[in-house]
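So the chains spell out like this:
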Amino acid sequence: MEWSSPRDAAMSLTDLTATQLLDRLRKAEITSVGVTQAFLDRIDKVDTTIRAFLRVDRDGALAQAEAIDARRQAGKPVGPLAGLPVAIKDVLCTAGEPTTCASRMLEHFRPPYDATVVARLRAADAVLLGKTNMDEFAMGGSNENSAFGPVRNPWDTDRIPGGSSGGSAAAVAARMAPLALGSDTGGSIRCPAALCGVTGLKPTYGRVSRYGLVAFASSLDQVGPMTRSAEDAALLLSVVAGHDPADSTSVNRPVPDYAKAIKQPLSGLRIGLAREHFGEGLDAEVERAVREAIRVYESFGATVREISLPHSKYAVATYYIIAPCEASSNLARYDGAHYGYRTDEKSMLAELETERRALEVAGDRDGLEAMDNALIRMYRRTRAEGFGPEVKRRVMLGTYALSAGYYDAYYLKALKVRRLIREDFDKAFEQVDLLAGPVTPTPAFKLGDKVDDPLSMYLFDLFTISANLAGIAAMSIPCGSSGQGLPIGLQLQAPPFEEERLLRAARMYQSATNWHTMEPDLEK
Ligand code: GLN
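Everything numeric here is computed off the predicted structure, so don't read it as measured data. (Residues numbered from 1 in each chain as written. Predicted model: local features only at pLDDT ≥ 70, side-chain atom pairs only at ≥ 80, totals over all residues. Heavy atoms only, no water.)

Observations regarding helix α1 (residues 18–26)
Then step 1. Listed as buried for α1 are A18, L21, L22, R24 and L25. The buried residues of α1 all sit within an arc of 165° when viewed along its axis, so they share a single face.
Then step 2. On its buried face, α1 is in contact with α2 (32–50), α3 (58–73), β4 (179–184) and α7 (230–240).
Then step 3. Trailing α1 by a residue or two, A28 shows a phi angle of about 60°, which is positive. (Buried < 20%, exposed > 50% of the residue type's maximum accessible area, 1.4 Å probe, protein only. Helix = DSSP H or I, 4+ residues; strand = E, 2+ residues; numbered from the N terminus. Arc of directions from axis to C-beta. Contact = heavy atoms within 4.5 Å.)

Here is the structure:
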């Protein structure tokens, strides 16, 4: 069925938000097949340039859409997201479908089960469009660490979309999907959301199940929505949040109906600005946009005060100990024996034989004794070939920091600082309801600009990683545009399990401004 309504005739289905699409689907003004086809067409049109998707499941998506339409037409009950397409970051397991984490290591891996969030989407009758590109194993902030090539920012295709959920952010920004899921370990939802001009929410640690989310740093990882508006984020979060017996770190607390709650504005809001988030390194245009957004809240009657997060200056250093330590442990499973990539064994055995002969000819007994056996060589080659350079860097950093003699000095010390960072937030939230500030220090930079400088890449996470270390809820919403027309994000942070407060505050802002409705011009 073709969708046409005289009022919106000029608009295409892909211009509508998820909430608007859902409303029309419920009224049977449009069909899920029509919606799904519109997004697939859009992907065909723009994704050859953007490269947001690693895989698009055209047939599967249309078949799901058809089944949902049939159920609806037959008057049978349908789920809360019935007929809405969703893009999934390729770090989430989809049963029987490739789940690569943008790594050669998992290039041919098909998990035997769905991540809990994916199962919940299916149960809600969402249509799974495909899997989005990302930094390898979610390690990175620019998407340049994908083994399958970078994603491009829809606002300027010479620039990065941010990472690691850059594919999900770009897919939503470029109208290739109305909803997407990302994951955030140190900023991976909020950073690309800010740089692509979409709304992204990192839930409280424990709010959303991590079962089937391929682990990077297990004490920091969370799955969350990336959407066109706070309303859409509420819709998606309501479906994926909640306790899961398969993830012991998911918390057993009732899930509010975010989509309903969001309609209530907040009154008497007390907003805190962390002194440490407005200092050195913050681009003047970003600061101006963020301060302007805060004035919008003041115009609603919010009170604003300066607060301090004194330990936030240690956040980057702390994160880059804890995250690599956990990663080095989590990634030990990629050994070529269980699953994933394995080096070519024939050439490996030939290599060992050549080495052995050379050592024999040289009479090098010590060398012969020290030689790898075939199993060790298989591990070594598999990991050398399967992982990209950033993943190797993290595994080495983490292995070093966890090794005997260094564990206390690095890992244990970092855990103590993490505690202090958490306490800073506890104190701040005794005085204010929300914290507001920048998401990234600058708008999107050019592809290639920081690839040779890991430290400056790490510093890009300056404002986002403390929320992961503290486990609190945080969000990015579009709040401005740079002189070059690049999106700027506003970060809102709330105490644990106050996603509802975040969403209501975000919706208040979006009801008075239209930064979130801006669309990149991809026709040029
Ligand atoms: N950019 C950060 C890193 O490289 C955060 C990544 C993430 O949140 N997954 O670790």
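Next comes the rest of the account.
A look at the site of the ligand
Then step 1. Close to the ligand lie 15 residues, the nearest being T185, G186, S188, Y319 and R394.
Then step 2. Residue G186 places a main-chain N or O atom 2.6 Å away from an oxygen atom belonging to the ligand.
Then step 3. Calculation on the ligand without its partners gives an accessible area of 300 Å², and the protein chains cover 99% of this total.
Then step 4. Assessed atom by atom at 2 Å from the grid points, the ligand resides in the largest cavity. (Near = heavy atom within 4 Å. Polar contact = N/O pair within 3.5 Å; in protein donor to acceptor, adjacent residues only side chain to side chain. Areas by Shrake-Rupley, 256 points an atom, 1.4 Å probe, with all protein chains shown as cover. 1 Å grid on protein atoms, 1.4 Å probe; cavity = no way out; pocket = protein on both sides within 12 Å on 5 of 7 lines; lining within 4 Å. Sits in = over half its atoms within 2 Å of the grid points.)

What to know about the layout of surface pockets
Then step 1. Size it by volume and the largest pocket reaches roughly 520 Å³.
Then step 2. Lining the largest pocket we find 22 residues, and of these E280, V316, L459, L462 and F463 sit closest to its centre.
Then step 3. Breaking the lining of the largest pocket down by element, the ones donating at least two residues are α10 (315–330) and α16 (454–459).
Then step 4. Partitioning the lining of the largest pocket into residue classes produces 12 nonpolar, 6 polar and 4 charged. (Points joined across faces, edges and corners; volume = space filled by probe spheres on them. Nonpolar A, V, L, I, M, F, W, Y, C, P; charged D, E, K, R; others polar.)

What about the sheet that holds strand β3 (residues 127–132)?
Pairing between the strands of a sheet comes from backbone hydrogen bonds, and it takes one of two forms, parallel or antiparallel.
Then step 1. Ordered by their spatial adjacency, 11 strands build an open sheet running β1-β3-β2-β4-β6-β5-β10-β11-β9-β7-β8, and the pairing between neighbours is mixed. The outermost strands of the open sheet, each flanked by one partner alone, are β1 (53–56) and β8 (303–307). Across this sheet, the average inter-strand angle for adjacent strands is 30°, counted without regard to direction.
Then step 2. Along the sheet, α2 makes contact with β1, β2 (85–89) and β3, crossing β3 at roughly 20°.
Then step 3. The sheet strands contacting helix α18 (residues 499–512) are β5 (199–202), β9 (434–438), β10 (473–481) and β11 (487–494), and the helix crosses β10 at an angle near 10°. (Pairing = 2+ DSSP bridges. Axes fitted to C-alpha atoms, helices over the stretch in contact; angles between N-to-C directions.)

Details of empty space enclosed by the protein
Then step 1. Applying the stated criterion to the full structure yields 2 cavities of 30 Å³ or more.
Then step 2. As a volume, the largest cavity reaches approximately 80 Å³.
Then step 3. Along the walls of the largest cavity sit 14 residues, with G140, G186, S188, Y319 and D461 positioned nearest its centre.
Then step 4. Grouping the constituent residues of the lining of the largest cavity by class yields 5 nonpolar, 7 polar and 2 charged.
Then step 5. Looking at the second largest cavity, the residues that line it are V91, F137, A138, S183, T185, L213, V214, F216 and D221.

So, the side chain of S482
Then step 1. Within the fold, S482 resides in the loop between β10 and β11.
Then step 2. When its relative accessible area of 7% is taken as the criterion, S482 is described as buried.
Then step 3. With near-sequence residues (within four places) excluded, S482 lies in contact with E285, P443 and I488.

Remarks on the nonpolar core
Nonpolar side chains tend to gather and get buried jointly when the protein is soluble and globular.
Then step 1. In this structure, L92, L121, F137 and Y297 are the most contacted members of the largest nonpolar core, which totals 158 residues.
Then step 2. Per element, the largest residue contribution to this core is 9 residues, and it comes from α10.
Then step 3. Sequence-distant contacts of F137, defined by excluding residues within four places in its chain, comprise C101, S103, M105, L106, V214, F216, L331, Y334, F387 and V391. (Core = buried A, V, L, I, M, F, W, Y, C linked by side-chain atoms within 4.5 Å.)

Some thoughts on the environment of L459
Then step 1. The topology assignment puts L459 in helix α16.
Then step 2. Accessibility expressed as a relative area gives 40% for L459, which makes it partly exposed.
Then step 3. The sequence separation of L459 and T440 amounts to 19 residues, and the corresponding C-alpha distance is 9.5 Å.
Then step 4. Ignoring anything within four residues of it in the chain, the contact list for L459 reads V316 and P441.

Focus: helix α14 (residues 389–402)
Then step 1. In this model, α14 (14 residues) spans 20 Å end to end at C-alpha, consistent with the 20 Å of a helix rising 1.5 Å per residue.
Then step 2. Residues of α14 that are buried include every one of E390, V391, R394, V395, G398 and A401, and no others. Around the axis of α14, the buried residues are gathered within 140° of arc, so they sit on the same side. Residues of α14 that are exposed and angled more than 90 degrees away from the buried face: P389 and M396.
Then step 3. On its buried side, α14 packs onto α10, α13 (374–386), α15 (408–431) and α16. (Expected span 1.5 Å × (residues − 1).)

Focus: the packing of α2 against α3
Then step 1. At a minimum axis separation of 8 Å, α2 and α3 run at an interaxial angle of 160°. With respect to α3, the axis of α2 lies roughly antiparallel. Note that α2 runs across α3; the crossing there is right-handed. Contact residues: S32, V33, T36, Q37, L40, I43 and D44 in α2; R58, A61, L62, A65, E66 and D69 in α3.
Then step 2. Its residues assigned to classes, the contact of α2 with α3 comprises 6 nonpolar, 3 polar and 4 charged. (Parallel < 35°, antiparallel > 145°, perpendicular 65-115°, else oblique. Left-handed = near helix turned anticlockwise from the far one by under 90°.)

What to know about the environment of D57
Then step 1. Structurally, D57 can be placed in the loop between β1 and α3.
Then step 2. Between the C-alpha atom of D57 and that of L128, which follows or precedes it by 71 residues, the distance is 7.6 Å.
Then step 3. Excluding residues that lie within four positions of it along the chain, D57 makes contacts with E97, L128, L129 and G130.
Then step 4. Of note is the side chain of D57, whose polar atom sits 3.1 Å from the backbone nitrogen of G60.

Description of unusual backbone geometry
Then step 1. Omega for the peptide link from G163 to S164 comes to 5°, which places this bond in the cis form.
Then step 2. Position of S164 relative to the elements: it lies in the loop between β3 and α5 (166–173).
Then step 3. One non-glycine residue with positive phi stands out, namely N143, at about 75°.
Then step 4. Among the structural elements, N143 can be located in the loop between β3 and α5.
Then step 5. One non-glycine residue, F497, lies in positive phi territory at about 65°.
Then step 6. For F497, a relative accessible area of 17% puts it in the buried group.

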